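Analysis of the macromolecular model
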Amino acid sequence: MGMLDRFADIIKANINDLLDKAEDPAKMVDQYLRDLTESLAEVKQETAGVMAEETRTKRLVEENKDEIEKYDDLARQALKAGNEGDARTFLAKKQQLVVKGESLAQAADAAHENASKMREMHDKLVSDIETLKGRREAIKAKVAVAKTQDKVNAVSSAGDSAAAAMSAFDRMEQKADEMLDRSNAMSELNADSGDAAEDLEKKYANAGSTAAVDEELAKLKAEMGL
């Protein structure tokens, strides 16, 4: 059925177009549901029209049957009255209605088939929309978890960078300690590298000077009677 194929093509085109642009699945599923809902409204209108056509053709078939029965009854009444010519006329009309009834029956069958297909498509579309509404929440929950995970990953990356920086600072501090220890060692070595003989010479020179001062101080005390 061309109309049903057209709706199927529209729905397929909608979802394929959305999948091609699916940067945010949560937003896309909302858009797809909106498109399906709009398609459902159109399907409802078309289904109502096909069902109305089914009802109309059924009514025409029933009306034609009533006409056939009417002319058959008139033919019988004409024969009872002895009017064979009138009976022939009524039977000829009945035959026309029988042929017409066959065409009406075919149209009614086709209308019934079309209406059944449209109702089936309508019901399936309604069911699919309800199913997708339930799945939409699951999709949104997954998207939310993914976004949260991305934030956690970003923070973890920042933590790794901070840890690397701390490690670098530790190495720099160790290097500074090594430099300071080396400098202190050099100072100590420089302090210990003086001439030992000169140091002893100064010691004894100072000792002689001190003895002379002590001797002079004793003489001065004796003279003063102290």
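A brief structural summary. Every value quoted in this text rests on a predicted model; they were computed, and no experiment measured them.

**Focus on the overall build of the chain**
Looking only at helices and strands, one finds four helices and zero strands in the chain. If you list the helices and strands of the chain from N to C, you get α-α-α-α. Put simply, 79% of the contacts in the chain that link residues at least 6 apart link residues at least 24 apart. Element-wise, carbon and sulfur atoms account for 55% of the exposed surface of the chain, whose accessible area totals about 16800 Å².

**Some points on the pattern of salt bridges**
The tally for this structure, following the rule as stated, stands at nine salt bridges. Arginine 119 is paired through a salt bridge with glutamate 54; the nearest N and O atoms lie 3.4 Å apart. Of this pair, arginine 119 sits in helix α3 (residues 84–192) while glutamate 54 sits in helix α2 (residues 25–80), and the two are 65 residues apart along the sequence. When its relative accessible area of 6% is taken as the criterion, glutamate 54 is described as buried. Salt bridges linked by common partners bring Glu54, Lys58 and Arg119 together as one network.

**Brief notes about the packing of aromatic side chains**
The full count for this structure, using the stated rule, is one aromatic pair. Relative to phenylalanine 90, the ring of tyrosine 71 has its centre 6.2 Å away and its plane inclined at 45 degrees; by these criteria the two rings are tilted. Of the two residues, tyrosine 71 sits in helix α2 while phenylalanine 90 sits in helix α3, which places them 19 residues apart along the sequence. For phenylalanine 90, a relative accessible area of 24% gives the class partly exposed.

**Section: the nonpolar core**
Counting 12 residues, the largest nonpolar core is built from Tyr32, Leu33, Leu36, Leu40, Val43, Val50, Ala115, Met118, Met121, Leu125, Ile129 and Leu132. Listing elements by their share of this core, those giving two or more residues are α2 and α3.

**Looking at the environment of glutamate 42**
Summarising the element assignment, glutamate 42 is placed in helix α2. A relative accessible area of 31% places glutamate 42 in the partly exposed class.

**Section: the environment of leucine 74**
For leucine 74, the position within the fold is in helix α2. Residue classification places leucine 74 among the partly exposed positions, given a relative accessible area of 26%. Taking the C-alpha atoms as reference, leucine 74 lies 8.5 Å from leucine 91; in sequence the two are 17 residues apart.

**Describing α2**
The end-to-end C-alpha separation of α2 is 81 Å, in line with the 82 Å expected for 56 residues at 1.5 Å each. A positive phi of about 80 degrees marks glycine 82, the residue just after α2.

**A few points about the side chain of histidine 122**
If you trace the backbone, histidine 122 turns up in helix α3. The class of histidine 122 is buried, set by a relative accessible area of 18%. Excluding residues that lie within four positions of it along the chain, histidine 122 makes contacts with Leu40, Val43, Lys44 and Thr47.

**Overview of a negative patch on the surface**
The grouping of Asp170, Glu173, Asp177, Glu178 and Asp181 at the surface amounts to a negative patch. Tracing the backbone through its elements, the reader meets aspartate 170 in helix α3.

Calculation rules
- Counting starts from 1 at the beginning of each chain's written sequence and moves along it residue by residue.
- Per-residue local features of the predicted model are confined to residues with pLDDT of at least 70, and side-chain atom pairs are confined, for both listing and counting, to 80 or more; whole-chain, interface and lining totals are unaffected and use all residues.
- As a convention, hydrogens and water are excluded, and side-chain values are obtained from all of the structure's heavy atoms.
- Secondary structure is summarised from DSSP: a helix means a run of H or I of at least four residues, a strand means a run of E of at least two, and numbering begins at the N terminus for each.
- A contact between two residues is defined here by any heavy atoms of the two lying within 4.5 Å.
- Here, Shrake-Rupley sampling with a 1.4 Å probe gives the accessible areas, and only protein chains in the shown set may cover a residue.
- Think of a salt bridge as a Lys or Arg side-chain nitrogen and an Asp or Glu carboxyl oxygen that are within 4 Å of each other.
- Remark: exposure states derive from per-residue accessible area (1.4 Å probe, protein chains only) relative to the maximum for the residue type, with buried under 20%, exposed over 50%, and partly exposed in between.
- Working definition: a ring pair exists when centres of Phe, Tyr or Trp rings (six-membered ring for Trp) sit within 6.5 Å. Plane angles under 30 degrees give stacked, over 60 give edge-to-face, the rest tilted.
- Nonpolar core, defined: a set of buried Ala, Val, Leu, Ile, Met, Phe, Trp, Tyr and Cys residues in which side-chain atoms within 4.5 Å join the residues together.
- Helix span is expected to be 1.5 Å times the residue number reduced by one.
- Exposure above 30% relative accessible area and no salt bridge define the residues that can form patches, which grow by joining like charges within 9 Å and nonpolar side chains of Val, Leu, Ile, Met, Phe, Trp and Tyr within 5 Å.
- For the purpose of counting charges, residues Lys and Arg are taken to be positive, whereas Asp and Glu are taken to be negative. His and the chain ends are not included.
- A charged residue contributes its charge at one atom only: NZ of Lys, CZ of Arg, CG of Asp or CD of Glu.

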